[in-house]
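Residues per chain, in single letters:
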Amino acid sequence: MSSLRRRKPINESSDSKHNEEEEDEDHDDVDADGDDDVNGKNKKTPSKIKKKRGEKPPKQPKWSCMDTCCWFIGCICITWWLLLFLYNAMPASFPQYVTEAITGPLPDPPGVKLKKEGLEAKHPVVFVPGIVTGGLELWEGRECAEGLFRKRLWGGTFGEVYKRPLCWVEHMSLDNETGLDPCGIRVRPVSGLVAADYFAPGYFVWAVLIANLARIGYEDKTMYMAAYDWRLSFQNTEVRDQTLSRIKSNIELLVATNGGRKVVVIPHSMGVLYFLHFMKWVEAPAPMGGGGGPDWCSKHIKAVVNIGGPFLGVPKAIAGLFSAEAKDIAVARALAPGFLDNDIFQFQTLQHVMRMSRTWDSTMSMIPRGGNTIWGGLDWSPEEGNSCAKKGEKKNETQIADQAGSENAVCKAKSANYGRIISFGKDVAEAPSSDIERIDFRGAIKGHSAANTTCRDVWTEYHDMGFAGIKAVAEYKTYTADSLVDLLHFVAPKMMARGTAHFSYGVADNLDDPQYKHYKYWSNPLETRLPNAPDMEIYSLYGVGLPTERAYVYKLSPHAECSIPFKIDTSADDEDTCLRDGVYSVDGDETVPVLSAGFMCAKGWRGKTRFNPSGIRTYIREYNHLPPANLLEGRGTLSGAHVDIMGNFALIEDVIRIAAGASGEELGGDQVYSKIFNWSEKINLRLDEEIPVHSSR
């Protein structure tokens, strides 16, 4: 057996032979070039490899910016999902344990605190959400929206914005002629408490307040979310969806099923104006109104607790309608000049925003009301002498009377002209009115636009103004509240034709005039009366201590065929007059100035006035903004910001006490940090019922 030789596998021998041949060839190539190293071993250099058989080595791929962006986004996504997984995997008490370890013991939530005091659910609660915070879902759409039936187009994850942005814009827009659904599209409000508890995952609106009310015994049968399509004009929510009738029926049901206890209504933001409209609608005779009779509100409503209410409108609405921007967009432009003006994936951002938002009639409900009487003129404003310093000490009712003579003399020396809500140029905003040469735009003839047809998908009504119309707007130099409505009629006639059919912005001379029975006046507190309900209470709860948009410095944008011709001049700054990035600021909650949120309860409705003939008691409760102490506090429990205030523990405690039966006096009456009473006294508004006699001269 030892004489037998083991045979190697054929494949193995052939492979070995092949490898030996390749090695010999390599040796020959190297020897021929004389590249032996000192140890007698062969050494290949890149130059020799390149010469081998005439082949070129493969090129190394270049690392592009797109690769970097993709890797960066991928790393963020992986990190996010990892953190999300860890967050969901950890015990529920762990975040609170970490927070308390850093900040110390946390205070009890208001619901827990008040439950320990023995408070229980009493009056049914009705929530009225504001603009943009309520969810909207698709019921019928175009081919591009296939698979989105009853999926949220607004609120939630906003996934469809990123997947199909132009399709989303088309479905979120209303018909530019009717202000109702476009043909073949039906978008409807989400119903139930989930309609506005969270605006997006993790971003609460009503959720914290609902959870705290539940702590003292509230549940679904004692709470009702009056969801509505916030894009529509107030009266059109009834025309299309019968929303006002549904609110009326649900309030009646809540009262009937809770032992006859009246409801406490809690509107927020634009919901304040919407419910003001409802109170007139429900008592007005059919078919224009709900036919509830003159005592419906007295029988069914215990209190209206308004949160962040823009009773007299907001200047921010003007900036949005005029140039599709406000302070946040202006700051973004200052940080990244030209970015928002670029054509990003063929999606001109601001142009599409303007085209879409100008179909939403609700935006016109927040145009400043009361004209120069409320907001000031070229040379005066109620907030004249306002200081940019933060407000601090709380004032009670006895201290409020001392405010009248407490203006800062330094601030008076150089004060912003807040009455000039729009000025073209910082020099115009600061110049004496006698030095400003203005050319009236109202009679200007609009020119022809040179914009080509490729702009039609993103173009707005500015397309029809032409260069002559745009120039006429700029040459008027500065606009007060009186001229702003005319300005919007000039630059956006289609939008304002719908808007002025549903809303009004003046001050009534005689509230007995039959014209004020029309629904267009019902959401304007200066052109309508409160209901005859002397036992009802009205509260105005809002944040203070935050810079809030009041006036703007504009400039003409560099001409481009599809661009918006006006933009905020972000180079305009002046700390002495609270001017930053082209925006003048006053005290407020970042969205609603104190003047708009507080004037009606401070003066217009206080006591028996022609706007409040039954003497409904009114209270102001201000909450001084304090930022979160650390990141673990999230949006903070002492925030005064327009939406974040919905998580303010002090506000939630006040709301719960009112729902549990407390009156305004039991809360402590007014709670004031701002100069709202002082500013209100500067406004010369007639409050008695006497009709002024106009002189023949």
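Residues numbered from 1 in each chain as written. Predicted model: local features only at pLDDT ≥ 70, side-chain atom pairs only at ≥ 80, totals over all residues. Heavy atoms only, no water.

Q: Got a minute to help me understand the state of the cysteines in this structure?
A: Formally, a disulfide is one covalent bond, and it connects the sulfur atom of one cysteine to the sulfur atom of another. The final tally for this structure, using the stated rule, is one disulfide. In this model Cys 144 forms its disulfide with Cys 167; the gap between the sulfur atoms is 2.1 Å. Looking down the S-S bond of the Cys 144 and Cys 167 bridge, the torsion is 80°, so its handedness is right-handed. Separated by 23 residues along the polypeptide, Cys 144 in the loop between β2 (136–140) and β3 (152–154) and Cys 167 in helix α7 (residues 165–172) bring together distant segments of the chain. Taking the relative accessible area as the measure of exposure, Cys 144 reaches 32% and is therefore partly exposed. (Disulfide = S-S within 2.5 Å. Helix = DSSP H or I, 4+ residues; strand = E, 2+ residues; numbered from the N terminus. Buried < 20%, exposed > 50% of the residue type's maximum accessible area, 1.4 Å probe, protein only.)

Q: Please explain the confidence of the model for the chain as it appears in this structure.
A: In regions of low pLDDT, the predicted coordinates are not meant to be interpreted in detail. Model confidence for the chain is summarised by a mean pLDDT of 83, while 76% of its residues fall at 70 or above. Of the regions scoring below 50 in pLDDT, residues 397–413 engages in 23 contacts with residues more than four places distant in sequence or in other chains. Between residues 693–697, whose pLDDT stays under 50, and residues either more than four places distant or in other chains, the model counts one contact. (pLDDT = per-residue confidence, 0-100. Contact = heavy atoms within 4.5 Å.)

Q: Help me understand the pairing of strand β13 (residues 546–556) in this model?
A: Consecutive residues of a regular strand have side chains that alternate between opposite faces of the sheet. Within β13, eight of the 11 residues are buried, which leaves it mostly tucked inside the rest of the structure. Strand direction decides the pairing type here: strand β10 (residues 422–424) and β13, joined by three bridges, are parallel. When the bridges of β13 are listed, Phe 424 appears paired with Tyr 554. Taken together, the six bridges between β13 and strand β16 (residues 583–588) define a ladder with antiparallel strand orientation. (Pairing = 2+ DSSP bridges.)

Q: Would you take a moment to explain the pattern of salt bridges for this structure?
A: Here the idea is simple: oppositely charged side chains can pair when their charged atoms come close. As enumerated under the stated definition, the model contains 28 salt bridges in all. For Lys 248, the salt bridge is made with Glu 252, and the minimal N-O distance between the two is 3.1 Å. Linking Lys 248 with Glu 252, this pair stays in helix α10 (residues 243–256), spanning four residues, or about one helical turn. What emerges from the salt-bridge pattern is a single network uniting Asp 181, Arg 188, Asp 229, Arg 231, Arg 240 and Asp 241. (Salt bridge = Lys/Arg side-chain N within 4 Å of Asp/Glu carboxyl O.)

Q: Looking at this structure, I do not really get the packing of helix α13 (residues 315–323) against helix α21 (residues 481–491). What am I missing?
A: Helix packing geometry: the angle between the two helix axes and the distance between the axes. Across the interface, α13 lies against α21 with an axial gap of 11 Å and an inter-helix angle of 20°. The orientation of α13 with respect to α21, classified from their angle, is roughly parallel. Two packed elements cross with a definite hand, and for α13 against α21 that hand is left-handed. Residue-level inspection shows Ile 318, Leu 321 and Phe 322 of α13 in contact with α21, the latter providing Leu 484, Leu 487, Leu 488 and Val 491. (Axes fitted to C-alpha atoms, helices over the stretch in contact; angles between N-to-C directions. Parallel < 35°, antiparallel > 145°, perpendicular 65-115°, else oblique. Left-handed = near helix turned anticlockwise from the far one by under 90°.)

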